[in-house]
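Structure assessment
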Amino acid sequence: MIETSTTRRPFGTLAPAMVTPFTADGDVDYKQAAALANKLVDDGCDGILVTGTTGETSTLTDEENLGMFAAVLEAVGGRANVYAGTGTNDTRHSISLSRRAATLGVHGLMLVTPYYNKPSQAGIQAHFEAIADSTELPVMLYDIPGRAGVPIDTETIIKLAGHPRIVALKDAKADYAATTRVLASTDLDVYSGDDGLTLPLMAAGAVGLFSVTANVAAAPFRVLIDAAAAGDFVTARRVHFELDPLVSATMTRVQGAVAVKQILKWQGVLSNSVVRPPLAEPGEAEIALIKADLAEAGMDL
């Protein structure tokens, strides 16, 4: 593994946006969460993002979010960094949750663009700066306009990069030109937030991936990232092509958490594929599409 570990970068190089396991009754299953976190670190992840979008944070209570942070810290905090998804569309709520997460000992915060409200760029900047000011933890911005409803404009990202604790960007904008400008104009550690774009973003200077698909395939993503960082684009391109149908299975058929939990159940990693409403488990037609993708990827489940 090349020298781009958590000792050099606050957010490492590969972190899954880990799913939140539930019991059959829909309660958070902290024991399964700890076991999954251990497996992901064993498979090559140097960090774990807890209760991001894929962790169904929008349907968790604050106490459940904090319970997940604590469970994953206890399980793998000595071997990998644990990052807390504490961004909401309410600045004061985000500050409160971030401070409570910091008290537990998380290693960094990931803050999504405030969603639904559709704030101005000035409002977005003030939101992120207020949360970053509220703790001593390093902060990763999460730019995902498809979910948030608004982008973090490139000029806003460049301004935010001047904050001493805003050190990273999870880029799920799918705008290569905009990402290139951020890379050229800031010292932010940029991470692919779109599994299928990891290779081209790393070719431009991104340092790694915060991933949905890594929940079910961390090891090959570890190979891709290390190869790309080392300039071995022959290997990186080969793994990129091999992963393409798996990324299709997790990212294009149903919502990511839904697909990943289904696959983890087939892999025998989770005991069930329960998601919280309004998410719903895949139907027969969707399962057929996911299985076809997995077959193309060479996964026999």
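Predicted model only: the values in this text are computed from it and were never measured. (Residues numbered from 1 in each chain as written. Predicted model: local features only at pLDDT ≥ 70, side-chain atom pairs only at ≥ 80, totals over all residues. Heavy atoms only, no water.)

To continue, consider the overall build of the protein chain. On a plain count of helices and strands, the protein chain comes out with 12 helices and eight strands. For 301 residues, the compact-globule formula gives about 19 Å, and the C-alpha radius of gyration of the protein chain, at 18 Å, lands near that figure. Here the protein chain, with 301 residues, has 55% of them falling under the buried criterion. Counting only contacts in the protein chain whose residues sit at least 6 apart along the sequence, the fraction spanning at least 24 positions is 69%. About 12,000 Å² of surface is accessible on the protein chain, with carbon and sulfur atoms providing 51% of the total. One way to put it: in the protein chain the 23 positive side-chain charges average out to a point 2 Å from where the 35 negative ones average out. (Helix = DSSP H or I, 4+ residues; strand = E, 2+ residues; numbered from the N terminus. Rg over C-alpha atoms; globule rule 2.2 N^0.38 Å. Buried < 20%, exposed > 50% of the residue type's maximum accessible area, 1.4 Å probe, protein only. Contact = heavy atoms within 4.5 Å. Areas by Shrake-Rupley, 256 points an atom, 1.4 Å probe, with all protein chains shown as cover. Lys, Arg positive; Asp, Glu negative; His and termini not counted. Charge placed at Lys NZ, Arg CZ, Asp CG, Glu CD.)

The next point concerns the pairing of strand E4 (residues 108-112). In terms of burial, E4 is a largely internal element, five of the five residues being buried. Of the two faces of E4, both are covered, the one formed by Gly-108, Met-110 and Val-112 as well as the one formed by Leu-109 and Leu-111. Of the crossover connections in this fold, the one passing from strand E3 (residues 81-85) over helix H3 (residues 91-104) to the parallel E4 is right-handed. Tracing the backbone out of E4, into helix H4 (residues 121-134) and back to the parallel element strand E5 (residues 139-143) gives a crossover that is right-handed. (Right-handed = clockwise from strand over helix to strand, strands pointing away.)

The feature "binding site: pyruvate" (unreviewed entry), as given by UniProt, occupies Thr-54 in the numbering adopted here. Mapped onto the secondary structure, Thr-54 falls in the loop between strand E2 (47-50) and helix H2 (62-76). For Thr-54, a relative accessible area of 5% corresponds to the buried category. Discounting residues that sit within four places of it in the chain, Thr-54 has contacts with Ala-17, Met-18, Val-19, Thr-20, Val-212, Asn-215 and Ala-257. (UniProt positions renumbered as here; feature names shortened; annotations may be inferred.)

Let us look at the UniProt feature "site: Part of a proton relay during catalysis" (unreviewed entry) in the protein chain. UniProt's feature table lists "site: Part of a proton relay during catalysis" (unreviewed entry) at Thr-53 and Tyr-116, given in the numbering used throughout. The largest pairwise C-alpha distance within this set of annotated residues, which runs over 64 residues, is 14.5 Å, so the set is compact in three dimensions. Thr-53 gets classed as partly exposed once you look at its relative accessible area, which sits at 27%. Setting aside residues up to four positions removed in sequence, Thr-53 forms contacts with Tyr-142, Arg-147 and Gln-255.

What follows covers the packing of aromatic side chains. Enumeration according to the criterion identifies four aromatic pairs in this entry. Geometrically, the ring pair formed by Phe-11 and Tyr-83 is tilted, given 4.9 Å between the ring centres and 40° between the ring planes. On the criterion of sequence distance, the pair formed by Phe-11 in the segment before strand E1 (14-16) and Tyr-83 in strand E3 is long-range, its members being 72 residues apart. The class for Tyr-83 is buried, based on a relative accessible area of 0%. Aromatic side chains Tyr-83 and Phe-210 sit 5.7 Å apart centroid to centroid with 35° between the ring planes, which places their arrangement in the tilted category. (Phe/Tyr/Trp six-rings, centres within 6.5 Å; stacked < 30°, edge-to-face > 60°.)

A rise of 1.5 Å per residue sets the reference length of helix H12 (residues 284-296), with its 13 residues, at 18 Å; its end C-alpha atoms lie 18 Å apart and thus fit the reference within 8%. Summarising the contacts, the buried residues of H12 are in contact with helix H10 (233-251) and helix H11 (256-266). Note on H12: the residue one or two positions beyond its end, Gly-298, has a positive phi of about 80°. (Expected span 1.5 Å × (residues − 1).)

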